[in-house]
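Single-letter residue listing:
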Amino acid sequence: MQIQDQVVLISGANGGIGKAFVQAFVEAGAKTVYACARSTDTLGDIVQQKGVQAVALDITNPAQVEAAVEACSDVTILVNNAGQNLGGLLGSPATARAEMEVNYFGTLAMCTAFAPVLAAHGGGWIVNTISILAYVNMPSIGSYSASKAALHSLTQGLRSVLAKQGTKVVGLYPGPVETRLTEGLDMPKAKPAAIAQALLAGLLADADEIYPDPIARDTFEALKTDRKAVEQQFGAY
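A.B. asks: Can you help me understand the overall build of the chain in this one?
C.D. replies: A tally of helices and strands in the chain yields seven helices and seven strands. Secondary structure elements of the chain, listed N to C terminal, follow the sequence β-α-β-β-α-β-α-β-α-β-α-β-α-α. Judged by the C-alpha coordinates and their principal axes, the chain covers about 45 × 35 × 35 Å. Put simply, the chain has 237 residues, and 51% of those count as buried. Across the chain, contacts joining residues at least 24 apart in sequence account for 66% of those joining residues at least 6 apart. Across the chain, 16 positive and 21 negative side-chain charges occur, with their mean positions spaced 3 Å apart.

Here's what the structure looks like:
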């Protein structure tokens, strides 16, 4: 694929990874980048760049998703980056539901709503920002891990279903990244800009799955040889 002249919509564009995505697509020559957040006031200076348009979007709000489809009907690349990490596991069913609403159901709503838009423009691409924790649970943020596992499964299914209309579905599986979602986690973290550049490289290489940082790649490889050892390693967090 080529990034030049594509029209990109990025949900969760106000976070560290989201802003890095906006910057990377702009620099790669995207024609338009729709930077989406629940409040456009949180987008900061990224919307001052040429070709970037701010869009108010809560992906758990059906009316706002529908409005985004109407306002952004020229999208060719949908980047589902909005996510929620509230921490905890046992004793926090409300937290788990809230994470699933954003990380799974909200992303499903976006894919469902924008699939016809992408089909109308020749197929296009969907990128789902998942996590290496889709493969192994980290108990300190265990319900978040579970929601990302659900999103991984959804992404696999969408890849087959949407291939019929020519839409490429890509899963992005970062390890820990320096954002507000990982504050308090005592482990090495990748820079958001590095994740964004890895995403673009993966898209240009026509990859189905992208492991954009050393921890993600090492974990994925380790799971092939000793799944239980990886489970125990992450279980310590």
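After that view, the rundown keeps rolling.
A.B. asks: Just to check I follow, could you spell out the sheet that holds strand β3 (residues 52–56) for this structure?
C.D. replies: Within a sheet, neighbouring strands are paired by backbone hydrogen bonds and run either parallel or antiparallel to one another. Taken in spatial order, the seven strands make up an open sheet running β3-β2-β1-β4-β5-β6-β7, and their pairing is parallel. Since the sheet does not close on itself, it has two edges, and those belong to β3 and β7 (209–210), each with one partner. Bridge count for strand β1 (residues 7–10) against strand β2 (residues 32–37) is four bridges, and the pairing is parallel. Across the sheet, leucine 9 pairs through a bridge with tyrosine 34, a residue of β2. Running over the sheet, helix α3 (residues 93–120) touches β1, β4 (77–80) and β5 (125–129) and is turned about 180° from β4.

A.B. asks: Honestly, the pattern of salt bridges in this entry has me stumped. Any pointers?
C.D. replies: Working definition: two side chains of opposite charge can pair if their charged atoms are close together. Going through the model one piece at a time under the given rule, you end up with six salt bridges. The partner of aspartate 206 in a salt bridge is lysine 168, and the shortest N-O contact between them spans 3.5 Å. In this pair, aspartate 206 is assigned in the loop between α5 (192–204) and β7 and lysine 168 in strand β6 (residues 168–172), connecting sequence segments 38 residues apart. With a relative accessible area of 46%, aspartate 206 lands in the partly exposed category. When salt bridges with common partners are traced through the structure, they connect Lys168, Asp206 and Asp208 into a single cluster.

A.B. asks: Explain the packing of helix α6 (residues 214–225) against helix α7 (residues 227–235) here, please?
C.D. replies: Two quantities define a packed helix pair, namely the angle between the axes and the distance from one axis to the other. Running from amino to carboxyl end, α6 crosses α7 at an angle of 135°, the nearest separation of the two axes being 6 Å. Our classification of the angle between α6 and α7 gives oblique. Seen from α6, the contacting residues are Thr219, Ala222, Leu223 and Thr225; seen from α7, they are Arg227, Val230 and Phe234. For the contact of α6 with α7, a count of residues per class yields four nonpolar, two polar and one charged.

A.B. asks: Explain the nonpolar core here, please?
C.D. replies: In summary, soluble globular proteins display a tendency toward joint burial of nonpolar side chains. Membership of the largest hydrophobic core comes to 34 residues, with the highest contact counts inside it found for Leu9, Tyr34, Val75, Met110 and Phe114. Among the elements of the structure, β1, β2, α2 (62–71), α3 and α4 (142–163) are those that each provide at least two residues to this core. Ranked by residues supplied to this core, first place goes to α3 with eight residues. Look past the residues within four positions of methionine 110 in its chain and what remains in contact with it is Leu9, Leu57, Ile59, Val65, Leu78 and Asn80. Formed by 32 residues, the second largest nonpolar core is a distinct cluster that contains Phe21, Val33, Val170 and Leu200.

Conventions we followed
Residues numbered from 1 in each chain as written. Predicted model: local features only at pLDDT ≥ 70, side-chain atom pairs only at ≥ 80, totals over all residues. Heavy atoms only, no water. Helix = DSSP H or I, 4+ residues; strand = E, 2+ residues; numbered from the N terminus. Buried < 20%, exposed > 50% of the residue type's maximum accessible area, 1.4 Å probe, protein only. Contact = heavy atoms within 4.5 Å. Lys, Arg positive; Asp, Glu negative; His and termini not counted. Charge placed at Lys NZ, Arg CZ, Asp CG, Glu CD. Pairing = 2+ DSSP bridges. Axes fitted to C-alpha atoms, helices over the stretch in contact; angles between N-to-C directions. Salt bridge = Lys/Arg side-chain N within 4 Å of Asp/Glu carboxyl O. Parallel < 35°, antiparallel > 145°, perpendicular 65-115°, else oblique. Nonpolar A, V, L, I, M, F, W, Y, C, P; charged D, E, K, R; others polar. Core = buried A, V, L, I, M, F, W, Y, C linked by side-chain atoms within 4.5 Å.

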